[in-house]
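Tertiary structure, described
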Amino acid sequence: MPFSIYVLALFATLAICYKIYRRLTRISISRISGPVPESFWLGNIPELFQAQAGETDFKWQETYGDVVRFKGAFGEDRLLISDPKALQYIYQTSGYNFPKQYSRREISKLISGKGISWAEGDVHRRHRKVMNPGFGGPESKAFVPIFTAQASHVSCCPPPWTSGGFSEYSYNDSSSCNIFQVSTKWRDMIAASEDQSAVVNVAPWASRAALDAIGEAAFDYKFGALDDENNPLRKAYDNILGSLFAAQTRTSLFIQELLLYLPSRFLSLMTDYAPIPRFVRVRKTGALAAEIAKSLIESKARALVEGNASRDIMTLLVRANNSESKKTRIENDELIAQMRTIMLAGHETTANSISWTLLELSRQPDIQKKLRAEINETLRAISARGNSEFTASDFDSMPYLNAVLKESLRYFSVAIFSFREAGKDDVLPLSKPIRTTTGEMINEIPISKGTKLVTSICGYNRNKDVFGRNAHVFNPDRWLNGQVSKTTPIGVYGNLMTFSAGIRSCIGWRFAVLELQAFLVELLRNFEFSMTPKAMNVRREPALVMIPTIEGEVDKGAQIYLRVRVVSDDE
């Protein structure tokens, strides 16, 4: 065995021994109730991360409560948290005292570069200050026509994985679609099928549509993903999170746990240069995105100087950055990282949210019918005032649309976990007392510096104290009858954790909500969605975000096959 391997093994052993020593000499959380670990080497990690998204969270929450102690590798105690007051303290009251675990920061850097999702402390404050002007309410509302146009483009221009009925009929010339042809493509294909319907895998076209929407709104750039399935950027981002994080094996989970014990510098070098196939693919995607971003930033800067700048998000960011002092502005490589962050977060999460919502509306046709009725009623009001398109104000005036959207974001929380650690010795307040393993009732939990916390976003979004006793049921009416508690305000939208909270809340949440509203309205006013046998086997795949996959076909990426037919004028 090479000498370097011995040195590396010795170094890793010493690091692990030091970590175990620190663990044994710090404040203990061993009295907090939790599940029995299956092994010393992996603790409860396989149970938490190999199950479907949220499955273990919900089970532990029901058994042990809103704060659960579980074991990581080598017997390390960690906390899984869905308690509202504890989450409020972590994200709002003491936000920068609970940084991301450094291994998770390295993952953020690998995927998106040193952007806002990677940044901490003063660097994060600086990034957020520059980015805020691009994501305000008026700025986001200005993009509604783009979102509606992309949804219309999708609904009329099916990609080549669409089939008429369950036959072999397909339309294979999606690359020839253009703005003058899209009005009839999907409808013509449905009309050509025997039963006047088509079975569509909604997930990949939602991804392509969302990528095009983020391209136009954020960068005034046409990615052309809908018109060209071989678009390089679309192919680079296709199932990128699934390929990196889905279908975790026990070996891959153990390796990830080992990374937590490596010095941050060593881990950074590993994500930057290690020839691990998954890492190599992500680095190539990052290089392609960075190349496009650099070109766009240069063109935006020139346009500002020449006085003919557009109003896209990247232009607003470049303008805001130019107005900052040298100490507070962000560098070009940081701007590139922001673009990569916006591209991934802005299309991957939106596409999955659209797909999950359409799946549930297919499961519950009465909800779909009621929502369509509200859309048509609003459309008649729009026509009566002499207009033809929905505005942001129209979306806001539709209570059932917003109830369905909030319920979908709650029930199908695309964001699953967030990984934090205590930056100093601290005390977590609790919403209600919990009983320890010694029988003591406590209202707060002392924790030591370095304690690893997994905040369960999906667990909080199903918290019965916040969302009612039927929190595990998809029910939009909870948002209309005052069933949602606001005693402990946390999230920026509907008190949900889906867009995170506090200083780490998603900066583009308004943008995302408007985009989802536009897509749902455009699709449901034109089409009816229903279940297929394959849709019965959809799995909530944990892959950093929750991806809809088919049981046994995780390697094929996101899949939700729904039957689609054109809505008649009297529906």
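Refer to the structure printed above.
Since we're looking at a predicted model, the values are computed, not measured.

The gaps left among the atoms become clear once a water-sized probe is rolled over them. Going through the model one piece at a time under the given rule, you end up with four cavities of 30 Å³ or more. Considered as a void within the structure, the largest cavity measures approximately 1,200 Å³ in volume. In terms of lining residues, the largest cavity is bounded by 46 residues, among which Ser 117, Thr 341, Ala 345, Thr 349 and Cys 506 are the most central. Within the residue set of the lining of the largest cavity, elements represented by two or more residues are α5 (102–112), α6 (121–131), α17 (332–363), β5 (417–421) and α23 (509–526). When residues in the lining of the largest cavity are grouped by element, the largest group, nine residues, is from α17. Within the lining of the largest cavity, the residues separate by chemical class into 25 nonpolar, 14 polar and seven charged.

Glancing now at the packing of aromatic side chains. All told, the structure shown has 21 aromatic pairs when counted by the stated rule. An angle of 80 degrees between the planes, with centres 5.9 Å apart, marks the rings of Trp 41 and Phe 74 as edge-to-face. In this pair, Trp 41 sits in the loop between α1 (3–24) and α2 (45–49) while Phe 74 sits in the loop between β1 (67–71) and β2 (77–81), placing the two residues 33 residues apart along the sequence. Taking relative accessible area as the criterion, Trp 41 reaches 51% and is therefore assigned exposed. For the ring pair Tyr 89 and Phe 98, a centre distance of 6.0 Å and an interplane angle of 75 degrees mean the geometry is edge-to-face.

Our next topic: the pattern of salt bridges. Enumeration according to the criterion identifies 29 salt bridges in this entry. Through salt bridges that share partners, Glu 76, Arg 78, Glu 257 and Lys 452 make up one connected network.

Moving on: unusual backbone geometry. Non-glycine residue Gln 196 carries a positive phi angle of around 55 degrees. Looking at the element boundaries, Gln 196 is found in the loop between α9 (185–192) and β4 (198–201). Positive phi, close to 50 degrees, is recorded for Ala 247, a residue that is not glycine. Structurally, Ala 247 is set in the loop between α12 (240–245) and α13 (250–259).

The biggest cluster of nonpolar side chains holds 150 residues, and the ones touching the most others in it are Leu 79, Phe 219, Ile 342, Leu 358, Leu 428, Ile 445 and Leu 562. Once residues lying within four places of it in the same chain are set aside, the contact partners of Leu 562 are Ala 198, Val 199, Val 200, Val 202, Leu 358, Leu 359, Ser 362, Phe 529, Ser 530, Met 531, Thr 532 and Ala 535.

A large share of β1 lies buried, amounting to five of its five residues. Burial along β1 is two-sided: the residues Val 67, Arg 69 and Lys 71 and Val 68 and Phe 70 are all buried. Here β1 pairs with β2 via five bridges, running antiparallel. Following the sheet pairing, Val 67 is matched in β2 by Ile 81. Here β1 folds back onto β2 in antiparallel fashion, the turn holding five residues, of which Phe 74 has a positive phi close to 60 degrees.

A volume near 710 Å³ is recorded for the largest pocket. Residue classes in the lining of the largest pocket are distributed as 22 nonpolar, six polar and six charged.

Turning next to the pairing of strand β6 (residues 426–435). Relative to strand β7 (residues 441–447), β6 runs antiparallel, the two being bridged by six bridges. Within β7, the residue paired with Ile 434 across the bridge is Ile 442. Adjacent in sequence and paired antiparallel, β6 and β7 are bridged by five residues, among which Gly 439 carries a positive phi angle near 90 degrees.

Quick look at the environment of Met 314 now. For Met 314, the position within the fold is in helix α16 (residues 313–323). For the pair formed by Met 314 and Gln 338, sequence separation is 24 residues and the distance between their alpha carbons is 9.1 Å. Not counting chain neighbours up to four residues away, the residues in contact with Met 314 comprise Ala 218, Phe 219, Ile 297, Lys 300, Leu 335 and Met 339.

For the rest of this paragraph, the subject is the sheet that holds strand β8 (residues 452–456). With mixed pairing, four strands are arranged side by side in an open sheet as β1-β2-β8-β5. Sheet topology places β1 and β5 at the edges, where each strand pairs with a single neighbour. Going across the sheet, the axis of each strand differs from the next one's by a mean of 25 degrees, ignoring polarity. Alignment of β2 against β8, held across three bridges, turns out to be parallel. For Ile 81, the partnering residue across the bridge sits in β8 and is Thr 455.

What counts and what doesn't
Residues numbered from 1 in each chain as written. Predicted model: local features only at pLDDT ≥ 70, side-chain atom pairs only at ≥ 80, totals over all residues. Heavy atoms only, no water. 1 Å grid on protein atoms, 1.4 Å probe; cavity = no way out; pocket = protein on both sides within 12 Å on 5 of 7 lines; lining within 4 Å. Points joined across faces, edges and corners; volume = space filled by probe spheres on them. Helix = DSSP H or I, 4+ residues; strand = E, 2+ residues; numbered from the N terminus. Nonpolar A, V, L, I, M, F, W, Y, C, P; charged D, E, K, R; others polar. Phe/Tyr/Trp six-rings, centres within 6.5 Å; stacked < 30°, edge-to-face > 60°. Buried < 20%, exposed > 50% of the residue type's maximum accessible area, 1.4 Å probe, protein only. Salt bridge = Lys/Arg side-chain N within 4 Å of Asp/Glu carboxyl O. Core = buried A, V, L, I, M, F, W, Y, C linked by side-chain atoms within 4.5 Å. Contact = heavy atoms within 4.5 Å. Pairing = 2+ DSSP bridges. Axes fitted to C-alpha atoms, helices over the stretch in contact; angles between N-to-C directions.

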